[in-house]
Amino acid sequence: MVACSTLSLLICVVIVTGYTIGYGSSLHLEASPESFNAMVTNQLDLTCTADGPSYWANKVVTLEIMKMGETPIVVLSNDGALRGPNWKDKFEAQGIIRKDAVKTFLKLTIKQPTTEDTGTYECLMYSLDESYKIKESKVTANVPIANEDMTVIVRYLLNRISTLERNDNERINLILDQRSTIRDLSNLLKNQTELTKHQVSQLKETIKQQNISTMEANVQMKQLKTQLVELQEDYSKVLEDLRITQNQTSHFQDHFDKESSPIAFSFGYNNVNKFKSGQTLIFSEQILNLGGAYNGMNGMFKAPRDGLYVFHLMALSHINEQITIDLKSNDQTVATLYARDTHHADQSSVSTVVTLKTGDILRPVVKSVSDKEYLEGSDHYSVFTGYLLKSL
């Protein structure tokens, strides 16, 4: 369904979008009401549904609802748990991942919404495809501002234009500074040229005064003219070098800004739980998350760019129990941790270096070797850490 406001040149948005994701299934995200009115809207509902046969439903890992470009507001995992940063303060959520033919759904309610809650929302689903690889499916829905609140949009656009103008002024000042440097160099070369011309004039006067031979005077004049030509050529080369240097500096700055941003995370596990085989182990207590590549609500690290990555996993088994954990890159095991002690808790660790492509998923997965798989997480005894060693 498409809805366009009276300012049709500014706003024309898609309200509901459906997305087919395989196995005879589809993903939908619906917003109610379809637009925001500050005078009457006191509640905003976003409902994400995933239709499909029971075989497909068993392969759903998580459902997430978020505002486009931001972190998830609420995450529903296949163990029925609802997670989100402080979402209970303003939001309410409910949902279930069913293992029969009934709809799997996640519903988010925004209480007392404001204009800041308008815009495009996404429903993101992680599931296993036919070859048991992690697959990401996404669908969007937009909540526009009703016509009565268009003054808010106009005010935002004016502020945005003002910000862009300030940025343009800064770029113009930088260019003016560079032009000033070139102008100073040009003045220096001009002064040298004037000095040479003055020397030529003095030589002429000397010739008159000393009555030197015409041939000697011509030789000196030719030498000075040659120097003058060389100076002019040097001046042209300097200007070209400055232009090339300026282009190289701009290119290097863009490359440096992209490659210098750090990617590093460290999350702890602060609980004592028993797990099942194949379950993703979620380290949710944030210690460090530079670049935001690790998701503390679903336990997955998503590579933001191609590179060589280092991962460390440390885990503490419960007293007289054991824990076995695989580090999986997509569907491939790259390292395994095993911890067990018959009389005490046992702490073990494993490290690995992995080459990842942009968008690859790495996650810790419980590997069951018996019916006793426990993890002790209090006081940061169990920690998951990783960082980008080098971009490729």
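Look a little higher up for the structure.
None of these values were measured; they are calculated from a predicted model. Numbering of residues starts from 1 in every chain and runs along the sequence as written. Totals for whole chains, interfaces and linings use all residues, but because this is a predicted model, local features are given only for residues with pLDDT of at least 70 and pairs of side-chain atoms are given and counted only at 80 or more. Calculated side-chain values reflect all of the structure's heavy atoms, with hydrogen atoms and water omitted.

K.L.:
Honestly, the overall build of the protein in this entry has me stumped. Any pointers?
P.N.:
Secondary structure elements follow DSSP: runs of H or I no shorter than four residues count as helices, runs of E no shorter than two count as strands, and numbering proceeds from the N terminus. If you tally the helices and strands in the protein, you get 4 helices and 24 strands. In this scheme, a residue with accessible area under 20% of its type's maximum is buried, one over 50% is exposed, and one in between is partly exposed, where area comes from a 1.4 Å probe on protein chains only. Residue burial in the protein is summarised as follows: out of 392 residues, 36% are buried. Any pair of residues with heavy atoms lying within 4.5 Å of one another is described as a contacting pair. Within the protein, residue pairs in contact and separated by at least 24 positions form 65% of the contacts whose partners lie at least 6 positions apart. Where accessible areas are quoted, they stem from the Shrake-Rupley method and a 1.4 Å probe; at the residue level, only the protein chains shown are allowed to cover. Per element, the accessible surface of the protein, about 22800 Å² overall, is 51% carbon and sulfur.

K.L.:
What should I look at first to understand the sheet that holds strand E20 (residues 332-340) in this one?
P.N.:
Hydrogen bonding along the main chain pairs the strands of a sheet, whether they run parallel or antiparallel. At least two bridges found by DSSP between two strands is the condition for calling them paired. Spatially, 5 strands are ordered E16-E17-E22-E19-E20 in an open sheet, and the strand pairing comes out antiparallel. Of all strands in the sheet, those with a lone pairing partner are strand E16 (294-295) and E20, marking the two edges. Pairing of strand E19 (residues 322-329) with strand E22 (residues 361-366) involves 5 bridges; the strand directions are antiparallel. Looking across to E22, one finds that Asp 326 is bridged to Val 365.

K.L.:
How do you make sense of a nonpolar patch on the surface when you look at a structure like this?
P.N.:
A cluster of nonpolar side chains, namely Ile 287, Leu 288 and Leu 290, defines an oily patch on the protein surface of about 230 Å² accessible area. Here Ile 287 lies in strand E15 (residues 285-290). A patch is a set of surface residues, each over 30% in relative accessible area and not in a salt bridge, joined within 9 Å for like charges and within 5 Å for the nonpolar side chains Val, Leu, Ile, Met, Phe, Trp and Tyr. Any Lys or Arg side-chain nitrogen found within 4 Å of a carboxyl oxygen on Asp or Glu counts as a salt bridge.

K.L.:
Help me out: how do you make sense of the pairing of strand E24 (residues 383-391) in this one?
P.N.:
Regular strands have side chains that alternate between both faces of the sheet. In terms of strand pairing, strand E13 (residues 264-268) meets E24 through 5 bridges, oriented antiparallel. Note on E24: the bridge partner recorded for Phe 267 is Phe 384.

K.L.:
Please explain the state of the cysteines as it appears in this structure.
P.N.:
By definition, a disulfide is the covalent link that joins the sulfur atoms of two cysteine residues. Only a pair of cysteine sulfur atoms within 2.5 Å counts as a disulfide in this structure description. Tallied over the entire structure, the rule returns 1 disulfide. Each sulfur of the disulfide joining Cys 48 and Cys 123 lies 1.9 Å from the other. Judged by the torsion about the S-S bond (-75 degrees), the Cys 48/Cys 123 disulfide is left-handed. Here Cys 48, found in strand E5 (residues 43-51), pairs with Cys 123, found in strand E11 (residues 119-128); they are 75 residues apart in sequence, far enough to count as distant. By relative accessible area, which is 0% here, Cys 48 ends up buried. Cys 123 sits in the buried class, given a relative accessible area of 0%.

K.L.:
Explanation requested: a positive patch on the surface in the structure shown.
P.N.:
Charged residues are defined here as Lys and Arg on the positive side and Asp and Glu on the negative side; His and the ends of the chain fall outside this count. Lys charges are placed at NZ, Arg charges at CZ, Asp charges at CG and Glu charges at CD. Taken together, the side chains of Lys 204, Lys 208, Lys 222 and Lys 225 make up a positively charged region of the molecular surface. For the positive patch, the secondary-structure elements that each account for two or more residues are helix H3 (150-210) and helix H4 (214-259). By secondary structure assignment, the location of Lys 208 is in helix H3.

K.L.:
How should the sheet that holds strand E6 (residues 60-67) be read in this particular structure?
P.N.:
The 5 strands are arranged E8-E7-E6-E11-E12 in an open sheet whose pairing can be described as antiparallel. On the outer flanks of this sheet lie strand E8 (82-83) and strand E12 (134-143), each paired with one strand and no other. Alignment of E6 against E11, held across 7 bridges, turns out to be antiparallel. The partner of Met 66 across the bridge, within E11, is Glu 122.

K.L.:
Looking at this model, I keep getting lost on the pattern of salt bridges. Mind explaining?
P.N.:
When the charged atoms of two side chains with opposite charge come close together, those side chains can pair. Tallied over the entire structure, the rule returns 6 salt bridges. Glu 92 is the salt-bridge partner of Lys 111, the closest N and O atoms lying 3.9 Å from each other. Here Lys 111 is found in strand E10 (residues 104-111), whereas its partner Glu 92 is found in strand E9 (residues 91-96), with 19 residues between them in sequence. Note on Glu 92: relative accessible area 45%, which makes it partly exposed. Of the charged contacts in the structure, one is a salt bridge between Glu 240 and Arg 243, with a shortest N-O distance of 2.4 Å. You can see Glu 240 and its partner Arg 243 sitting in helix H4, 3 residues apart, about one turn around the helix. The class of Glu 240 is partly exposed, set by a relative accessible area of 33%.

In short, shape yes, function no, at least from these values alone.
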